[in-house]
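Close look at the chain arrangement
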Amino acid sequence: MSCYEIEALRLGLMTVLGVGDDSTRDHAEKELEGHLDGPIKGLAEADSLAAIERHLDAALVDLEEEVAAMDSDDPEYDYTRGRLLAVRDAERAVQRLSVQGESIVDGLGDAHDTLHETFPVEE
């Protein structure tokens with residue numbers, strides 16, 4: 001059993017954030033072999049936080065539908081519900097990352113404005 005959503009999210013975040021190494025990327029890609037379609041593929045190939053959020057939301061919908069369709073006696077039921085919780089938690093983490101990124105951009109804009117107010121440019 002594997003948590004394809006989390007591995008795909010890791011790949012997307014490694015790309016977007018420019019982090020990770022070849023061995024980590026190779027491991028994640030091997031975990032996803034045969035499962036790169038739909039939102040999982042979108043997550044793995046994402047090149048922006050907005051794309052990650054969009055594909056993660058779609059992956060959550062698919063996973064929620066999978067859990068809803070399962071019989072609670074299914075041996076994989078608890079694991080699949082655990083995956084759902086982990087992906088929901090990951091979604092909140094990505095949302096925090098986006099909010100923090102926006103805050104940094106806004107802060108840089110404020111610093112730029114303050115610098116020009118303090119040291120006006122004569123034209």
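Residues numbered from 1 in each chain as written. Predicted model: local features only at pLDDT ≥ 70, side-chain atom pairs only at ≥ 80, totals over all residues. Heavy atoms only, no water.

Under an unreviewed UniProt entry, the protein chain has the name DUF3209 family protein and belongs to Natrinema longum.

1. Things to note about helix H1 (residues 4-17)
Condition: A run of DSSP states H or I qualifies as a helix once it reaches four residues; a run of E qualifies as a strand once it reaches two. Both are numbered from the N-terminal end. Multiplying one less than the number of residues by 1.5 Å gives the expected span of a helix. Each residue's exposure class comes from its accessible area (1.4 Å probe, protein chains only) as a fraction of the maximum for that residue type: buried when under 20%, exposed when over 50%, partly exposed otherwise. Here, residues are in contact when the closest pair of their heavy atoms is within 4.5 Å.
The end-to-end C-alpha distance of H1, which contains 14 residues, comes to 20 Å, matching closely the 20 Å that a straight helix rising 1.5 Å per residue would cover. Along H1, the residues classified as buried are Glu-5, Glu-7, Ala-8, Leu-9, Leu-11, Gly-12, Leu-13 and Met-14. At its buried positions, H1 is contacted by helix H2 (22-32), helix H3 (38-44), helix H4 (49-69) and helix H5 (77-118). Positive backbone phi, approximately 70 degrees, marks Gly-18, located one or two places after H1.

2. Things to note about H5
In this model H5 runs 61 Å from its N-terminal to its C-terminal C-alpha over 42 residues, within 8% of the 62 Å that 1.5 Å per residue would give. Among the residues making up H5, those that are buried are Tyr-77, Thr-80, Arg-83, Leu-84, Val-87, Ala-90, Val-94 and Ser-98. Buried residues along H5 sit in contact with H1 and H4.

3. Considering the pattern of salt bridges
What counts here: Here a salt bridge means any side-chain nitrogen of Lys or Arg lying within 4 Å of a carboxyl oxygen belonging to Asp or Glu.
Taken as a whole and assessed by the stated rule, the structure comprises five salt bridges. A salt bridge links Arg-83 to Glu-5; the shortest N-O distance between them is 2.7 Å. Taken together, the residues Arg-83 in helix H5 and Glu-5 in helix H1 connect sequence positions 78 residues apart. Comparing Arg-83 with Glu-5 shows no difference in burial state: the two are buried. Through salt bridges that share partners, Glu-5, Glu-66 and Arg-83 make up one connected network.

4. Some thoughts on the environment of His-27
The residue His-27 is located in helix H2 in this model. A relative accessible area of 44% means that His-27 is categorised as partly exposed. Spatially, the C-alpha atoms of His-27 and Glu-7 are 9.0 Å apart, while their sequence positions differ by 20 residues.

5. Here's the deal with the layout of surface pockets
Quick note on the threshold: Any residue with an atom within 4 Å of a point lines the site, the site being either a cavity, points on a 1 Å grid over the protein atoms alone where a 1.4 Å probe fits but cannot get out, or a pocket, an open set with protein on both sides within 12 Å along at least 5 of 7 lines. Grid points are joined across faces, edges and corners, and a volume is the space filled by probe spheres set on the points. When residues are sorted by character, Ala, Val, Leu, Ile, Met, Phe, Trp, Tyr, Cys and Pro go into the nonpolar class, Asp, Glu, Lys and Arg into the charged class, and all the rest, Gly among them, into the polar class.
The volume enclosed by the largest pocket comes to roughly 180 Å³. Around the largest pocket, the lining residues are Tyr-4, Glu-5, His-35, Asp-37, Gly-38, Pro-39, Ile-40, Ala-59, Asp-62, Leu-63, Glu-66 and Arg-83. Only H1, H3 and H4 provide two or more residues apiece to the lining of the largest pocket. Broken down by element, the residue count for the lining of the largest pocket peaks at four residues, all from H4. For the lining of the largest pocket, the residue count by class is five nonpolar, two polar and five charged.

6. Some thoughts on a negative patch on the surface
Operational definition: Surface patches are drawn from residues lacking salt bridges whose relative accessible area is over 30%; two like charges belong together within 9 Å, two nonpolar side chains (Val, Leu, Ile, Met, Phe, Trp, Tyr) within 5 Å. Calculation of accessible area relied on Shrake-Rupley with a 1.4 Å probe; when residues are assessed, cover is drawn exclusively from the protein chains displayed. His is not counted, nor are the chain ends; Lys and Arg add positive charge and Asp and Glu add negative charge. Charge positions are represented by NZ for Lys, CZ for Arg, CG for Asp and CD for Glu.
On the surface, Asp-21, Asp-22, Asp-26, Glu-29 and Glu-33 cluster together into a patch of negative charge. With respect to the element layout, Glu-29 can be found in helix H2. Accessibility expressed as a relative area gives 37% for Glu-29, which makes it partly exposed.

7. Some details on the packing of H1 against H4
To be explicit about the condition: A fitted line through C-alpha atoms represents every axis, and for helices the fit uses only the stretch in contact; the resulting angles, taken between N-to-C directions, go from 0 to 180 degrees. Each angle gets one of four labels, with under 35 degrees taken as roughly parallel, over 145 as roughly antiparallel, 65 to 115 as roughly perpendicular, and the rest as oblique.
Look at H1 against H4: their axes get within 10 Å of each other, and the N-to-C directions meet at 175 degrees. With respect to their mutual orientation, H1 and H4 come out roughly antiparallel. Facing H1, whose interface residues are Glu-5, Leu-9, Gly-12, Leu-13 and Val-16, H4 presents Leu-49, Ile-52, Leu-56, Ala-59 and Leu-63. Looking at side-chain class alone, the contact of H1 with H4 contains eight nonpolar, one polar and one charged residues.

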